[in-house]
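Listed here are the chains, written in short residue letters.
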Amino acid sequence: MAIVWIIALLGIFVGSLGVRAQMALSLGDRYEQDLQARYLAKAGVQYGMEALAQDVTLAYDGSNESWYNNPGLFLERRLDTGTFKVETSAGPNSPKIPGLLDEDRKININTAPEDVLQNLFVFAADLSIQDATTVAQSILDWRDEDSEERDYGAEGSFYRNSRQAHECKDGPLENVEELLLVRGVEAAAYRAVLPYVTVYGSGHVNFNTAGTEVLTSLGFSEAGLATLNGFRVGEDGIPGNADDRLFVSAGSIVSDLEALIPVDDLQILSKLVEDKFIGVNSRAFRMQVEAWTPDERGRARIECVFDRGGKIYFWSEH
């Protein structure tokens with residue numbers, strides 16, 4: 001009888017080993033598939049960087065460049081080991097475009113003046129002017145080196161006495177998530193402005209690629225925006241093709257538009273050019289790559305921000 005039990009237990013043990021071995025093989029295969037997809041995604045990053053390197057107009061960048069919104073170049077790129085695509089969005093809820101997105105189309109929160117930051121949180125986050133002023137001045141206090149508090153800003157004493165209990169940075173923001181530490185920036189407002197802000201790039205806004213929300217934050221009126229957008233899309237009225245008009249230097253922006261936009265907008269434009277807060281080229285680029293193996297059992301995703309020289313400022317793998 002004991003022998004029968006021993007044989008039965010051995011059978012259960014062997015069966016358990018078989019199941020474990022099968023699970024180990026399955027997990028090993030899954031790991032191999034995911035690893036293969038990860039290397040595919042890294043190949044996609046190199047592909048995107050090489051596509052940007054083909055850009056020969058370094059002095060200015062526009063939305064008709066080959067690295068932007070180019071399905072034929074960036075979607076469904078097949079290799080023997082699988083497929084990848086480069087499809088990038090400015091934020092979690094923003095539409096994706098096939099290709100790269102320049103970070104300089106956004107507002108750099110380390111260089112933006114108070115009025116631009118205030119406008120951004122009014123128009124994009126729907127804050128009141130008072131609340132937006134508090135946020136704007138608090139960002140300025142957060143990033144400057146002194147401990148002198150602005151009228152509606154916040155320095156060390158405010159943060160030490162708050163529930164957050166942390167110090168004021170008194171230095172440039174290293175990432176946009178740092179905004180959540182700044183006085184007045186709640187999660188909803190942060191999510192609202194996320195597609196339009198950056199800490200990367202040249203520090204100026206590329207006037208060729210900036211969207212309506214960013215241009216509105218710069219202070220332009222609806223009439224000024226309509227004129228500017230009409231100028232940029234060219235005669236055919238379609239953005240992103242060879243017919244687009246591009247500003248080829250910061251110095252030419254005012255002369256190109258002075259006879260077209262309202263006087264108030266021209267004054268705003270002249271001040272932005274004088275302060276060197278707008279330009280015509282881009283230095284940093286965001287790329288999102290998705291890759292999968294032939295049977296789609298292995299998948300990987302990489303998001304990164306880099307410059308034209310290949311320097312990586314941000315890297316995230318999923």
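Here the structure is a predicted model, which means the values were calculated and not measured. (Residues numbered from 1 in each chain as written. Predicted model: local features only at pLDDT ≥ 70, side-chain atom pairs only at ≥ 80, totals over all residues. Heavy atoms only, no water.)

## Observations regarding the overall build of the protein
A count of helices and strands for the protein gives ten helices and eleven strands. Here the C-alpha radius of gyration of the protein, 26 Å, is well above what a compact globule of 318 residues would show, namely 20 Å. The principal-axis extents of the C-alpha atoms in the protein amount to approximately 100 × 55 × 30 Å. Considering the protein as a whole, with its 318 residues, one finds that 45% of them fall into the buried category. In the protein, of all internal contacts separated by at least 6 residues, the share reaching a separation of at least 24 is 61%. For the protein, the exposed surface amounts to about 16,500 Å²; the carbon and sulfur share of it is 54%. The averaged location of the 49 negative side-chain charges in the protein is 8 Å from the averaged location of its 28 positive side-chain charges. (Helix = DSSP H or I, 4+ residues; strand = E, 2+ residues; numbered from the N terminus. Rg over C-alpha atoms; globule rule 2.2 N^0.38 Å. Buried < 20%, exposed > 50% of the residue type's maximum accessible area, 1.4 Å probe, protein only. Contact = heavy atoms within 4.5 Å. Areas by Shrake-Rupley, 256 points an atom, 1.4 Å probe, with all protein chains shown as cover. Lys, Arg positive; Asp, Glu negative; His and termini not counted. Charge placed at Lys NZ, Arg CZ, Asp CG, Glu CD.)

## Let's talk about helix α10 (residues 263–274)
Helix length check: α10, at twelve residues, gives a terminal C-alpha distance of 16 Å against a target of 16 Å (1.5 Å per residue), a fit within 8%. Turning to α10, its buried residues are D265, L266, L269 and L272. The arc that holds the buried residues of α10, viewed along the axis, is 125°, so those residues lie on one side. Facing away from the buried side of α10 by over 90 degrees, the exposed positions are V263, D264, Q267 and E274. Following α10 by one or two positions, K276 has its phi on the positive side, about 60°. (Expected span 1.5 Å × (residues − 1). Arc of directions from axis to C-beta.)

## Structural notes on the side chain of S94
Assignment of secondary structure puts S94 in the loop between β2 (82–88) and β3 (97–98). Residue contacts for S94: discarding those within four places in its chain leaves S89 and P195.

## Describing helix α8 (residues 222–233)
Over its twelve residues, α8 runs 17 Å from end to end, which matches the ideal 16 Å to within 8%, given 1.5 Å per residue. Residues of α8 that are buried include every one of G224, L225, L228, F231, R232 and V233, and no others. Those residues of α8 that are buried lie in contact with α7 (212–217), α9 (250–257) and α10. Once α8 ends, the next one or two residues include G234, with phi positive near 80°.

## Section: the confidence of the model for the protein
Confidence along the protein averages 90 in pLDDT terms, with 91% of residues attaining 70 or more. Below a pLDDT of 50 lies the segment residues 2–25, which in the model reaches zero contacts outside its immediate sequence neighbourhood of four places, other chains included. (pLDDT = per-residue confidence, 0-100.)

## Points about the environment of D34
You can see D34 is positioned in helix α1 (residues 2–53). Taking the C-alpha atoms as reference points, D34 and A242, 208 residues apart in sequence, are found 40 Å from one another. Discounting residues that sit within four places of it in the chain, D34 has contacts with R297, G298 and R299.

## Section: the packing of α9 against α10
Here α9 crosses α10 at 170°, and the two axes come no closer than 10 Å. Viewed along their axes, α9 and α10 adopt a mutual orientation that is roughly antiparallel. Contacts between α9 and α10 involve A250, I253, V254 and L257 on the former and, on the latter, L266, L269, S270 and V273. Tallied by class, residues from the contact of α9 with α10 come to seven nonpolar, one polar and no charged. (Axes fitted to C-alpha atoms, helices over the stretch in contact; angles between N-to-C directions. Parallel < 35°, antiparallel > 145°, perpendicular 65-115°, else oblique. Nonpolar A, V, L, I, M, F, W, Y, C, P; charged D, E, K, R; others polar.)

## A few points about the side chain of N119
Examined against the element boundaries, N119 turns out to sit in helix α3 (residues 114–123). In this structure, N119 is in contact with A124, T216, S217, L218 and G219, ignoring residues within four places of it in sequence.

## A short note on the packing of aromatic side chains
All told, the structure shown has eleven aromatic pairs when counted by the stated rule. Where F207 meets F220, the ring centres are 5.8 Å apart and the plane angle is 55°; that geometry is what we call tilted. Residue F207 is located in the loop between β7 (205–206) and α7, and its partner F220 is located in the loop between α7 and α8; the two are separated by 13 residues in the primary sequence. Residue F207 shares its accessibility class with F220, and that shared class is buried. Of the aromatic side chains, those joined through ring pairs into one cluster are W67, Y68, F285 and F306. Across from the ring centre of Y39, 5.3 Å away, lies the NZ or CZ of K42, which sits over that ring. (Phe/Tyr/Trp six-rings, centres within 6.5 Å; stacked < 30°, edge-to-face > 60°. Lys NZ or Arg CZ within 6 Å of the ring centre and 35° of its normal.)

## Considerations on the pattern of salt bridges
Within this structure, the stated rule accounts for 18 salt bridges. E103 serves as the salt-bridge partner of K106, at 3.0 Å between the closest nitrogen and oxygen. The same class applies to K106 as to E103, namely buried. Through salt bridges that share partners, E103, K106, R286 and E303 make up one connected network. (Salt bridge = Lys/Arg side-chain N within 4 Å of Asp/Glu carboxyl O.)

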